[in-house]
Amino acid sequence: MNTASRPVIALHDPSATPASRLVQRPEAKSRRMGYAARFAKNLVTACAASLLLVQPVLAQSINVLRDAETEAFFRDISKPMIVAANLDPKSVQLILVGDPSINAFVCCGQNVFIHSGLIQVTDNVNQLQGVIAHELGHIAGGHNIRSSEGTGPATSISILSLIAAGAAMALGAGEAGMAILGMGQSVAQSTYLSFNRDQESRADQAGAEYLLAAQLSGQGSLDFFGKLANQEYRLAIPQTNSYNRTHPLSSERIAALADVYAKSPYFHKGPDPAFQARFLRIKGKLIGFIEDPVRTLAMFPASDQSVQARYARAYAWQRSAYPDAALGEINKLLATAPKDPYFLELKGQILLESGRNAEAITVLRAAVANAPNEPLIATLLGHALISTEMPADMAEAKPLLKAAIARDKDNPFAWYQLGVIYDREGDTPRAALASAERYSMEGNRKGASANARVALAGLPRGSADWIRAQDIALASACEGNKKKC
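Note that the structure is predicted; figures quoted are calculated from it, not measured.

1. Some points on the overall build of the protein chain
Stage number 1. What the protein chain contains, in helices and strands, is 19 helices and five strands.
Stage number 2. Put simply, the protein chain has 485 residues, and 51% of those count as buried.
Stage number 3. Taken as a whole, the protein chain presents about 21,400 Å² of accessible surface, with 56% of it coming from carbon and sulfur.

2. Looking at the pairing of strand β3 (residues 93-97)
Stage number 1. Burial of β3 is extensive: four of the five residues sit out of reach of the surface.
Stage number 2. In the sheet, strand β2 (residues 64-66) pairs with β3 via two bridges, with the strands oriented antiparallel. Among the inter-strand pairings, Val 64 is bridged to a residue of β3, identified as Val 97.
Stage number 3. When β3 meets strand β5 (residues 111-115), the two strands line up parallel, connected through five bridges. Pairing of Leu 96 across the sheet is with Ile 114, part of β5.

3. Quick word on the packing of aromatic side chains
Stage number 1. All chains considered together, the criterion is met by seven aromatic pairs.
Stage number 2. Their ring planes at 10 degrees and their centres at 5.2 Å tell us that Phe 105 and Phe 113 sit as a pair that is stacked. Each member of the pair, Phe 105 as well as Phe 113, carries the same accessibility label: buried.
Stage number 3. Ring centres of Phe 289 and Tyr 315 lie 6.3 Å apart, and the angle between their planes is 85 degrees; on these two criteria the pair is classed as edge-to-face. Taken together, the positions of Phe 289 in helix α8 (residues 273-290) and Tyr 315 in helix α10 (residues 307-319) put the pair 26 residues apart, joining distant regions of the chain.
Stage number 4. By way of ring pairs, the aromatic residues Phe 289, Tyr 311, Tyr 315 and Phe 343 are connected into one cluster.

4. Structural notes on helix α18 (residues 445-458)
Stage number 1. With 14 residues, α18 extends 20 Å from end C-alpha to end C-alpha; this agrees with the ideal 20 Å at 1.5 Å per step.
Stage number 2. Listed in full, the buried residues belonging to α18 are Gly 447, Ala 448, Ser 449, Asn 451, Ala 452 and Ala 455.

5. A short note on the packing of helix α11 (residues 323-336) against helix α12 (residues 341-353)
Stage number 1. Contact pair α11 / α12: the axes reach a minimum separation of 10 Å and the direction vectors enclose 160 degrees. With respect to their mutual orientation, α11 and α12 come out roughly antiparallel. As α11 runs across α12, the sense of the crossing is left-handed. Along the contact surface, α11 presents Pro 323, Ala 326, Leu 327, Ile 330, Asn 331, Leu 333 and Leu 334, while α12 presents Phe 343, Leu 344, Leu 346, Lys 347, Ile 350 and Leu 351.
Stage number 2. The residue inventory of the contact of α11 with α12, partitioned by class, reads 11 nonpolar, one polar and one charged.

6. Details of the pattern of salt bridges
Stage number 1. On inspection of all chains with the given rule, the structure shows 23 salt bridges.
Stage number 2. Arg 66 is the salt-bridge partner of Asp 408, the closest N and O atoms lying 3.0 Å from each other. On the criterion of sequence distance, the pair formed by Asp 408 in the loop between α15 (391-407) and α16 (412-425) and Arg 66 in strand β2 is long-range, its members being 342 residues apart. Pair check on accessibility: Asp 408 and Arg 66 agree, each one buried.
Stage number 3. When the shortest N-O distance is used, the salt bridge between Glu 291 and Arg 295 registers 3.5 Å.
Stage number 4. When salt bridges with common partners are traced through the structure, they connect Asp 67, Glu 69, Arg 281, Lys 285 and Asp 340 into a single cluster.

Thresholds applied
- Residues numbered from 1 in each chain as written.
- Predicted model: local features only at pLDDT ≥ 70, side-chain atom pairs only at ≥ 80, totals over all residues.
- Heavy atoms only, no water.
- Helix = DSSP H or I, 4+ residues; strand = E, 2+ residues; numbered from the N terminus.
- Buried < 20%, exposed > 50% of the residue type's maximum accessible area, 1.4 Å probe, protein only.
- Areas by Shrake-Rupley, 256 points an atom, 1.4 Å probe, with all protein chains shown as cover.
- Pairing = 2+ DSSP bridges.
- Phe/Tyr/Trp six-rings, centres within 6.5 Å; stacked < 30°, edge-to-face > 60°.
- Expected span 1.5 Å × (residues − 1).
- Axes fitted to C-alpha atoms, helices over the stretch in contact; angles between N-to-C directions.
- Parallel < 35°, antiparallel > 145°, perpendicular 65-115°, else oblique.
- Left-handed = near helix turned anticlockwise from the far one by under 90°.
- Contact = heavy atoms within 4.5 Å.
- Nonpolar A, V, L, I, M, F, W, Y, C, P; charged D, E, K, R; others polar.
- Salt bridge = Lys/Arg side-chain N within 4 Å of Asp/Glu carboxyl O.

In C-alpha cells form, the structure reads like this:
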C-alpha cells in the first residue's frame with residue numbers, strides 16, 4: 001500500500017475559506033471527512049492499554065478523522081458486543097484515526113481507536129467486528145487502569161538491581177555490578193512483557209465470548225489474525241516464540257482461538273449483508289479521502305459502477321480540484337437513493353467548497369432533514385449558512401449549532417461557528433466562551449485561558465456559562481503549572 005503520498009491529517013483552520021479546508025496544516029490534530037472536526041486533544045500513547053497489532057504506535061498525538069456515516073456505522077456494528085461486555089453503548093466511543101498502520105487500541109477511558117490502515121486491509125465487517133471485540137475485552141478487563149500491575153513489579157526489580165549494582169561497584173567489583181544491573185533490567189523487561197502478553201490473551205478470550213453472545217462468527221477474527229501473521233513474516237519477526245514481544249505471535253493467537261470459535265453455532269455465519277454494504281461504503285470514501293487521487297482512480301476505474309467506487313472517485317475528483325466530476329459521481333449515487341443523508345452531505349460539501357453556497361445550503365437542509373440527529377451534518381449546514389453573512393441565515397444557523405453542540409460537545413469547529421454568530425450579535429462574552437471551548441479542545445492552553453478570562457469578565461456571575469468559563473480557566477492554569485487539579 002502506498003503511504004508516501006498520504007496527506008497530513010489536519011484539523012480545519014476556522015479562519016480558512018471553504019475551498020481551502022483540505023490544506024495541510026502540520027500544527028493541527030484532526031480532520032473531518034464529511035465533517036466538522038472532533039476533539040483535537042493530544043492523546044499520549046502511554047495511556048494505551050492495547051496496541052493490538054504488529055508494531056506499536058510511537059507517535060505523541062492522534063490524528064482523529066470525523067465522519068457522520070462512519071461513526072454511525074461503528075456504533076451499529078459494535079453495540080451487540082458492547083452490551084455483551086456489560087458496558088454502556090453510550091459510554092463507549094469508536095474513533096477513526098488517520099494513520100496508515102494496521103492498528104487499533106484502547107485509550108483514555110472507554111475509547112476504541114481504529115486506524116484507517118486497519119479499515120483498508122480488512123475485507124469484511126466481520127473482520128472489523130473481531131478487532132472491536134478484542135478491544136472491548138481490554139475495556140471490560142480494566143486493562144488501562146491495571147497497567148500499574150505490570151509496570152510496578154518491573155520498576156521494583158529495576159530499582160533493586162540498581163541498588164545491588166551500586167553496592168557491588170562501591171566494593172570495587174565494577175564488572176559484577178554491571179552484570180547485576182544488566183540482569184536486573186532484563187528481568188524487569190521480561191516481567192512487564194509477560195504481563196502485557198497475558199492481558200492480550202485475556203482480551204482475545206473475552207472478545208470470543210462477546211462475539212458468541214452477539215451471535216457473530218469468529219471466522220473474521222481468525223482471518224484478521226492471519227493477515228497479521230503475514231505481516232509478521234514480511235517484517236521478518238521471528239516466529240519461534242513471543243518471549244521478547246508485548247503481544248503473543250499471531251500464529252499463537254490463532255491456535256488458542258481456533259477451537260473456541262469452531263465450537264460456536266455461528267462460526268459459519270457470514271457477515272450481515274446490510275452491514276457489509278455499509279462497510280464497503282465507508283471503506284470506499286475513506287480510500288478516496290486519504291489516498292493519492294491518482295491511485296484512487298486507478299483502484300476504482302470508471303468501469304466500476306459500485307457505490308464504493310463512486311464514493312471513492314467523488315472524493316478523488318474533489319481533492320484533484322475537479323468538482324464537476326465529483327458532482328457527477330455523487331449525483332449518480334443520489335439517483336439511486338435521493339434521500340440518503342450521507343450522499344446529500346457530500347454533495348453539499350462539494351458545492352460549498354466550490355463556492356456555490358446557495359446550492360449547498362439547499363442540499364444540506366435536505367441532508368439534515370433526513371438525518372436530524374447527526375450533529376456533524378448540522379454543523380456543516382451551520383457553516384454554509386454563516387458563510388452567506390445574511391442575518392436570516394445566521395438566525396437559522398444558531399439553533400442548529402447549539403443543538404449540534406448539545407449532542408457533540410467535543411467539536412471545536414462547531415464551537416467556532418457558534419462563536420462567529422455570538423460575535424456578529426455583539427455578545428462578546430459568549431463569543432469568548434465559544435473560543436475558549438474551541439481552544440481547550442485543540443490543546444491551545446493560552447488561547448483557552450485568555451478567552452475564558454474575557455468570558456468571566458462579561459458573563460453573569462454564577463450562571464451556567466460563567467461556571468463553564470471558570471472551569472476552562474482553572475483547567476488551563478492547572479495544565480500550565482503542571483498541577484493535578
